[in-house]
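# An overview of the molecular structure
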Amino acid sequence: MSHLTLILWLLNILVDSLGQLSFKAAASGSVHYEGLQQWRFMLRRPWLWLGMACYILEFLLWLAFLTLVPLSVGMLLGSTSIVTIMLAGRIWFKESLTRWRVIGILLISLGVAIIGIN
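A quick note: this is a predicted structure, and the numbers were derived from the prediction, not measured. (Residues numbered from 1 in each chain as written. Predicted model: local features only at pLDDT ≥ 70, side-chain atom pairs only at ≥ 80, totals over all residues. Heavy atoms only, no water.)

### Some words on a nonpolar patch on the surface
A surface patch of nonpolar side chains, amounting to about 550 Å² of accessible area, comprises Leu36, Trp39, Leu43, Trp49 and Met52. Those elements giving two or more residues to the nonpolar patch turn out to be helix H2 (35-43) and helix H3 (46-66). Looking at the element boundaries, Leu43 is found in helix H2. Residue Leu43 is classed as partly exposed on the basis of its relative accessible area, which comes to 42%. (Patch = residues over 30% accessible without salt bridge, like charges linked within 9 Å, V, L, I, M, F, W, Y side chains within 5 Å. Areas by Shrake-Rupley, 256 points an atom, 1.4 Å probe, with all protein chains shown as cover. Salt bridge = Lys/Arg side-chain N within 4 Å of Asp/Glu carboxyl O. Helix = DSSP H or I, 4+ residues; strand = E, 2+ residues; numbered from the N terminus. Buried < 20%, exposed > 50% of the residue type's maximum accessible area, 1.4 Å probe, protein only.)

Put into structure tokens, the structure is as follows:
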């Protein structure tokens, strides 16, 4: 894997994870509202806008990354963000990591490692 490919992959994971966490932060305070009030509340929160900016940037990074790797490899490497999001959700939002989630993290990591060897 070239340096550029590695940098794009890591940036993609970082920006994707930040976007997901930002959306969760925007939505987490809105549970006291319903319907249109809930959307108004979220639209006033900077977390929502940070999440959208991350998704735009992630889209561009993903396109650049896919120009350098086959789609099958890119999709597997892109799944690494699932692991980072689960771990960051545990830290930031105190979400639980069940046994099955930990097994999933290990299987994803194993798959990425196998692809990385090849």
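Continuing now.
### Structural notes on the pattern of salt bridges
The tally for this structure, following the rule as stated, stands at 1 salt bridge. Lys24 serves as the salt-bridge partner of Glu95, at 3.8 Å between the closest nitrogen and oxygen. Of the two residues, Glu95 is situated in the loop between helix H5 (80-93) and helix H6 (99-117) and Lys24 in helix H1 (residues 3-28); the sequence distance between them amounts to 71 residues. Owing to a relative accessible area of 32%, Glu95 belongs among the partly exposed residues under this scheme.

### Quick word on unusual backbone geometry
A positive phi angle, close to 60°, is found at Lys94, a residue other than glycine. Inspection of the secondary structure assignment puts Lys94 in the loop between H5 and H6. Under the relative-accessibility criterion, Lys94 is labelled exposed at 63%.

### Remarks on the packing of aromatic side chains
Aromatic rings in a pair are described by how distant their centres are and how their planes are angled relative to each other. Scanning all chains against the criterion turns up 4 aromatic pairs. Look at Trp47 and Trp92: their rings are 5.2 Å apart centre to centre, the planes differ by 65°, and that puts the pair in the edge-to-face class. A residue pair is termed long-range when its members are at least 10 positions apart, and Trp47 in helix H3 and Trp92 in helix H5 qualify at 45 residues. The class of Trp47 is partly exposed, set by a relative accessible area of 29%. The class of Trp92 is partly exposed, set by a relative accessible area of 36%. Centroid distance Trp62 to Phe65: 5.7 Å. Interplanar angle 35°. Geometry classified as tilted. Placement of the pair is Trp62 and Phe65 together in helix H3, with a separation of 3 residues, close to one helical turn. A relative accessible area of 18% places Trp62 in the buried class. The buried category is assigned to Phe65, whose relative accessible area is 0%. By way of ring pairs, the aromatic residues Trp47, Trp92 and Phe93 are connected into one cluster. The ring centre of Phe93 lies 6.0 Å from the NZ or CZ of Lys24, which sits over that ring. (Phe/Tyr/Trp six-rings, centres within 6.5 Å; stacked < 30°, edge-to-face > 60°. Lys NZ or Arg CZ within 6 Å of the ring centre and 35° of its normal.)

It is worth stressing that arrangement in space is one thing and function is another; only the former is reported here.
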